[in-house]
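Residue-level structure breakdown
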Amino acid sequence: MGKTSLFNRITKLHQHVGNYPGITVEKRDGSVKANGKTYRIIDLPGTYTLFPTSMDEEIVYNVLADKENPEHPDLVVVVAEPNNIKRSIVLYQQARELGVSAIFVVNMIDEVNAKGIDIDYQQLEAYLHTKVYTTDARNGKGIAQLIHAFDERPGYFPGQFETDETHKAALEEAKRAFPLYTEYQTWQFVAQENVSFLAKEQQEVLADIRKRHQLSPNVLQQAEAIQRNTKIENDLKKIILQKDNQHLNKTNKIDKVLLHPVWGYIVFFFLLFLVFQLVFILSEPIMDWIDEHFSTLIDYAASILPEGPLSNLLTQGVLAGIGGIIIFVPQIAILFLLISLMEETGYMSRVVFLMDRWLRPYGLNGKSVIPLMSGVGCAIPAIMAARNIENTKERLVTMLVTPFMTCSARLPIYVVLISLVIPNETFLGFGLQGLTLNILYILGVVAALLSAAILNKVIKNQHKSFLIFELPSYKSPDWRNVGLNMWEKTAGFLFGAGKIILAMAVILWVLGNFGPNDKFSNAEAYVKQANPTLDSEDLEEEVTSFRLEHSFLGYMGMGIEPLVKPLGYDWKMGIGLISSFAAREVFVGTMATVYSLGEDVDPDDDEERETLLSRMRSEINRNTGQPSYNFASGISLLLFYAFAMQCMSTIAIMKRETGSWKWTLVQTIMMTGLAYIVALIAYQLLK
Amino acid sequence: MLDIPVMEYNYIILQYDKMQKSFSLDLLKVGEKATIRQLDSSELPSKFYEMGLLPGTVLEVKHKAPFHGPIGLQISNPNILIAIRKSEAIHIFVEK
C-alpha cells in the first residue's frame, strides 16, 4: 500500500497504466527526471515473497528472475513498512540472491514512533549490505534523497539461505542441469511448480528431479520460509527494538465494533446501502448536467452542419454515442471513489473477513465481495477486480458470475420498462414500481450465487482453496491514491469500453439508416401508394417507420423474430435486443429510433420519457394483436435483461482476463441461455 | 448422555493424543494467547509460513467471525493482524 503512494510521489503524474504483454496484470510505469537523466520506474504488484501464488505475484518473480524480461530492472527498491521490516527483508534477500541490485526503503517513517519501534539504521545497512533510506510518502519526506540514490548499484551480497541437508542432492542435480544460473535461482526453479519463462523441456527436467527426490514445491518453499524467517528474526533482535504497538491497539478497538459478530454486519450493510445511495444521489445532478449540455451540443452541431447523411451520422451516430458513454462516468467515478476509500482505510479487508463464511458455500471467496459489489456499478472494472483472488478456480467462478449483478447500464432499461408495464400503485405502503426494481437487483444477486454454486460443482479444482490475508491497521486515506485510482478506473471505462460502445453506436446508426432494397430508398412512394389519404405529418411518421422496417436493422430484427416470438417480443423489440448487445444502455436510444422519435430520448427527463412511453404503450404486436408491451411481455423482457449477457464490452474483458475463449463462451451461453429460458417461462405463464 | 459436548470433547482428546500437549488453533477462544508448535505442512501452502505463521510464533485470537467463519489473529512479531479460515486453523497446532 505504501509502495504505490511512494511510486506516485516519485513519478508525480508522469505515469502510465497498461498491461503486461499477454496477460492482464496491470502494469504501472512512470518516469522521473533527476541526476541529469530520466529514470523509468515500474510499480510492481505488492508481494511478500518471490514464490508466486497469484498472477500478480508471478509477474514480480518473472520480472526479477528472468534477465531476458523486457522489464528486468537495473535496481530494485524494496519498500518496507516499519511495522513489518522482517517480511520485506525476506523479499530483499531473495531479490539479491537472484542477482539483482537493490536498495532498501523504510516508508511511513513518521509512524515509527507511534508503532513503538526503534531502528538502528547503521546496523541495518551493514546487515543488508546496501543503503537504507527512510521516507514518508504522505508528506514527501525523504523522497528527494531516495531519487538521488537511483544510480546506486550495491554489489556483493552473501547468500543468507542455507539449503536443508535433505534437499541438497536435488539442488546439486538441478545445478548440473542449469549451469548458467546462480545457486539461488536454481533453487527457485526446483521449488516452483511452474516457472513460466523456462522452456517446456527445462520444466520437465525440473519436474523429473522433484519426482525422483520425492519433493513437493510446497515443502521446499516452506523450508525456505522457516529458515529465512528464523534467521532474520534472530539477526534483527539487535537492530530493531519493538515495544508495544500503539497503532494496533487503536485498530483493535475499532475492530471490536467493525468485526463484531452482530454490529460488524450491521455496519457493513449500512455502509453498503450508503454507498449505493451516494452513487445514485451524487451522480444524478452531474448526469442531468451532462445530458442537458450534450443535447444542446447535438442540436448546435446539427444546426451548423450542412444537412445530409453525414451530419446525421455525426450528430445521431457519433455524438449521441459519446453522450451515451459519458453519462455513466459520474456513477462509475463515485463508485470507485467509495471503493478505493474502503481499500485505503483498510476496511475492505474487514469486508473479506465478514463475508468469507457466507460466500464459501457457493465456491467463492471472501475476496469475491469486491468484484461482486463493483458489479453493481459496471461488470468491466468488477471483473478486473477479481485479480487478487489467489485460487484459480475461485477467481474464475467469481468472474463468470459477476455480470449477473445488476450493473448501472441495466438501470435505464429497467426504468423505462417498469414504468411501462408495472402500475404506479402501492402495495403495503411500498411503491410497486420501486419494489419491482428492488426485486430485479435481488434476482441478480441470487443468480450470481446460484450459478456460482453450480459452477463450483462443475469446474475441477487444481489447487486447494485457502484464505490468508492481513487485516491492516486503520489509517486515514492517501487522497492522491484515491484520486488516481478513481481516475484510472473511470478512464478504463471511458476509453476501453467507450471505444466499443461508440463503434457499435455508429454501426447501428448505419444499419438503421441504410437498406438493401428499393423499399428503403423509395419508402415514401410505397407508403403513399398504400395509404393515399394520409396528411403530411402522419405520412412522415409512417415513412420513417416503414424505412426502418426495411433497413438492415429492420431485416435483422425480423430475422430473429421467430426466435424471440415465444418470449412475447415482436421484431421491433428484436431490434432493441440486437442493438443493446453492443451495450445495454443503447436500448433506450434504439427504442426511440424504432418508434420514430428520432432524436435522443432521455429516460430521466419526465416529459421526453412520457413521449417515448406513450408511443411504446400504443404499439401493437402484429403477431398477437395485443399491445407489444403488456404485462407478460414486459416482465419477460425485464427478466431477459436481468440475466442475459447483453454487453460486448464484458465479453471482451472476459476474453482478456481469462485468456480463453472457452470460458468466455461458457459465460455468454450460460447467461443468455438462462435469460431465454426464464423469460420464456415467465411469458408463457403470464400471457 | 448428550452427544454434542462429548463429540467435541473426544475431538479435543484426539488432537491432544496426536500432538501431545498441543491442540489445534481453532479451539482457542477470543482473547486467548498461545504459541505455535507445529504446522501440518502437507495441508498448508507456504504462504502461511511467509505471512508469519511459523513454529514459535506467539499469537492471540482477536476475532472470530460467526458460524465458523474466519479467525483473526494478532501475531507478535511482526506485530500484525492476519485472518485465516477455520479449515486451515485445524492444521495449526498450538500450546498455551
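Everything numeric in this text was worked out from a predicted model, so none of it was measured. (Residues numbered from 1 in each chain as written. Chains lettered and ligands numbered in written order. Predicted model: local features only at pLDDT ≥ 70, side-chain atom pairs only at ≥ 80, totals over all residues.)

**Focus on the overall build of chain A**
A tally of regular secondary structure across chain A gives 31 helices and eleven strands. Counting only C-alpha atoms, chain A reaches 100 × 55 × 55 Å along its principal axes. In chain A, the share of contacts with a sequence separation of at least 24, taken over all contacts with a separation of at least 6, comes to 69%. (Helix = DSSP H or I, 4+ residues; strand = E, 2+ residues; numbered from the N terminus. Contact = placed C-beta atoms within 7 Å.)

**Some points on the overall build of chain B**
Each helix and strand counted, chain B has three helices and six strands in total. The linear arrangement of helices and strands in chain B, starting from the amino end, is α-β-β-α-β-β-β-α-β. In chain B, which comprises 96 residues, the proportion classed as buried is 45%. For chain B, contacts bridging at least 24 residues in sequence account for 48% of all contacts bridging at least 6. (Buried ≥ 20, exposed ≤ 12 C-beta atoms within 10 Å, placed from the backbone.)

**A closer look at the nonpolar core**
Judged by nonpolar contacts, the single largest core of 120 residues is most densely connected at Ile383, Leu417, Leu639, Phe640 and Phe643 of chain A together with Ile82 of chain B. Setting aside residues up to four positions removed in sequence, leucine 417 of chain A forms contacts with Gly634, Leu637 and Leu638 of chain A. In this structure, Ala65, Leu91, Ala137 and Leu206 of chain A belong to the second largest nonpolar core, which totals 50 residues. (Core = buried A, V, L, I, M, F, W, Y, C linked by C-beta atoms within 7 Å.)

**As for the environment of leucine 171 of chain A**
All names here are of chain A. Within the secondary structure, leucine 171 is located in helix 6 (residues 165-177). On the neighbour-count criterion, leucine 171 (22 C-beta atoms within 10 Å) is buried. Taking the C-alpha atoms as reference, leucine 171 lies 52 Å from cysteine 407; in sequence the two are 236 residues apart. For leucine 171, the contacting residues outside a window of four places in its chain are Thr163, Thr186, Trp187 and Val190.

**Some remarks on the packing of helix 18 (residues 410-421) of chain A against helix 19 (residues 432-458) of chain A**
Residue and element names in this part refer to chain A. At a minimum axis separation of 10 Å, helix 18 and helix 19 run at an interaxial angle of 135°. As judged from the angle between their axes, helix 18 and helix 19 are oblique. Between helix 18 and helix 19 lies a crossing whose hand is right-handed. Contact residues: Tyr414, Ile418 and Ser419 in helix 18; Gln433, Thr436, Leu437 and Leu440 in helix 19. (Axes fitted to C-alpha atoms, helices over the stretch in contact; angles between N-to-C directions. Parallel < 35°, antiparallel > 145°, perpendicular 65-115°, else oblique. Left-handed = near helix turned anticlockwise from the far one by under 90°.)

**Re the domain arrangement of chain A**
One can read the domain layout of chain A as domain 1 (1-243) and domain 2 (505-686). The C-alpha-based centres of domain 1 of chain A and domain 2 of chain A are spaced at 55 Å. (Domains from an automatic or database assignment.)

**Some remarks on the packing of helix 19 of chain A against helix 29 (residues 631-643) of chain A**
All names here are of chain A. Put simply, helix 19 and helix 29 touch, their axes get as near as 10 Å, and they point 45° apart. Regarding the angle of helix 19 to helix 29, the classification is oblique. The crossing of helix 19 and helix 29 is right-handed. Counting all contacts with helix 19, which are made through Leu440, Leu443, Gly444 and Ala447, the residues of helix 29 involved are Leu638, Ala642 and Phe643. In terms of residue class, the contact of helix 19 with helix 29 is made up of six nonpolar, one polar and no charged. (Nonpolar A, V, L, I, M, F, W, Y, C, P; charged D, E, K, R; others polar.)

**As for the sheet that holds strand 7 (residues 132-134) of chain A**
All names here are of chain A. A sheet is described by the order of its strands in space; here three strands give the open sequence 4-5-7, paired in parallel fashion. The open sheet is flanked by strand 4 (76-80) and strand 7, the only strands paired with a single partner. The average angle at which neighbouring strand axes cross in this sheet is 30°, direction not considered. When strand 4 meets strand 5 (residues 102-106), the two strands line up parallel, connected through five bridges. The residue of strand 5 that forms the bridge with valine 77 is isoleucine 103. (Pairing = 2+ DSSP bridges.)

**Here we look at the interface of chain A and chain B**
On the side of chain B, 29 residues touch chain A, which itself brings 34 residues to the contact. Put simply, the parts of the chain that give the side of chain A that touches chain B at least two residues each are helix 3 (85-98), helix 9 (217-236), helix 10 (246-258), helix 14 (347-359) and strand 11 (468-470) of chain A.

**Some thoughts on the pairing of strand 6 (residues 92-95) of chain B**
All names here are of chain B. As judged from the two bridges shared by strand 1 (residues 23-24) and strand 6, these two strands associate in the antiparallel manner. Paired with phenylalanine 23 across the strands is valine 94, a residue of strand 6. The pairing of strand 2 (residues 33-39) with strand 6 spans four bridges and is antiparallel. Bridge pairing in strand 6 places threonine 35 opposite glutamate 95.

**Overview of helix 31 (residues 661-686) of chain A**
Between its first and last C-alpha atoms helix 31 of chain A spans 37 Å; for 26 residues at 1.5 Å apiece the expected length is 38 Å, and the two agree. Looking at the buried positions of helix 31 of chain A, the neighbouring elements they touch are helix 17 (392-401), helix 29 and helix 30 (648-658) of chain A. (Expected span 1.5 Å × (residues − 1).)

**Remarks on the sheet that holds strand 4 (residues 71-75) of chain B**
Pairing is antiparallel in the open sheet, where seven strands are placed in the order 11(A)-5(B)-4(B)-3(B)-2(B)-6(B)-1(B). Bordering the open sheet on either side are strand 11 of chain A together with strand 1 of chain B, each of which pairs with just one other strand. Pairing geometry for strand 4 of chain B and strand 5 (residues 80-84) of chain B, over five bridges, is antiparallel. In the sheet register, isoleucine 71 of chain B faces strand 5 of chain B, and the bridge partner there is isoleucine 84 of chain B.

**Brief notes about the confidence of the model for chain A**
Within chain A, residue pLDDT values average 84, and 92% of them lie at 70 or more. Confidence, read as mean pLDDT per element, is least for helix 27 (residues 586-594) of chain A in chain A (68) and greatest for strand 5 of chain A (94). (pLDDT = per-residue confidence, 0-100.)

**Focus on unusual backbone geometry**
Residues and elements named next belong to chain A. Of note, histidine 129 is a non-glycine position whose phi angle comes to about 55°, a positive value. For histidine 129, the position within the fold is in the loop between helix 4 (121-128) and strand 7. Taking the number of C-beta atoms within 10 Å as the measure of exposure, histidine 129 has 16 and is therefore partly exposed. For glutamine 214, which is not a glycine, the phi torsion comes out positive at approximately 50°. Residue placement: glutamine 214 occurs in the loop between helix 8 (200-212) and helix 9.

**What about helix 3 of chain A?**
Residue and element names in this part refer to chain A. For helix 3, spanning 14 residues, the distance from its first C-alpha to its last is 20 Å, which sits close to the expected 20 Å at 1.5 Å a residue. Counting buried positions along helix 3 gives 13 out of 14 residues, so the element sits mostly inside the fold. Phi for glycine 99, located one or two positions after helix 3, is positive at around 100°.

**A few points about the pairing of strand 5 of chain A**
Each regular strand shows side chains that alternate between the opposite faces of the sheet. Residue and element names in this part refer to chain A. With five of its five residues buried, strand 5 lies for the most part within the structure. The alternating pattern of strand 5 places Ala102, Phe104 and Val106 and Ile103 and Val105 on opposite faces, both of which are buried. Each parallel crossover has a hand, and the one from strand 4 via helix 3 to strand 5 is right-handed. Bridge count between strand 5 and strand 7: three bridges; the pairing is parallel. Paired with valine 106 across the two strands is threonine 134, which belongs to strand 7. (Right-handed = clockwise from strand over helix to strand, strands pointing away.)

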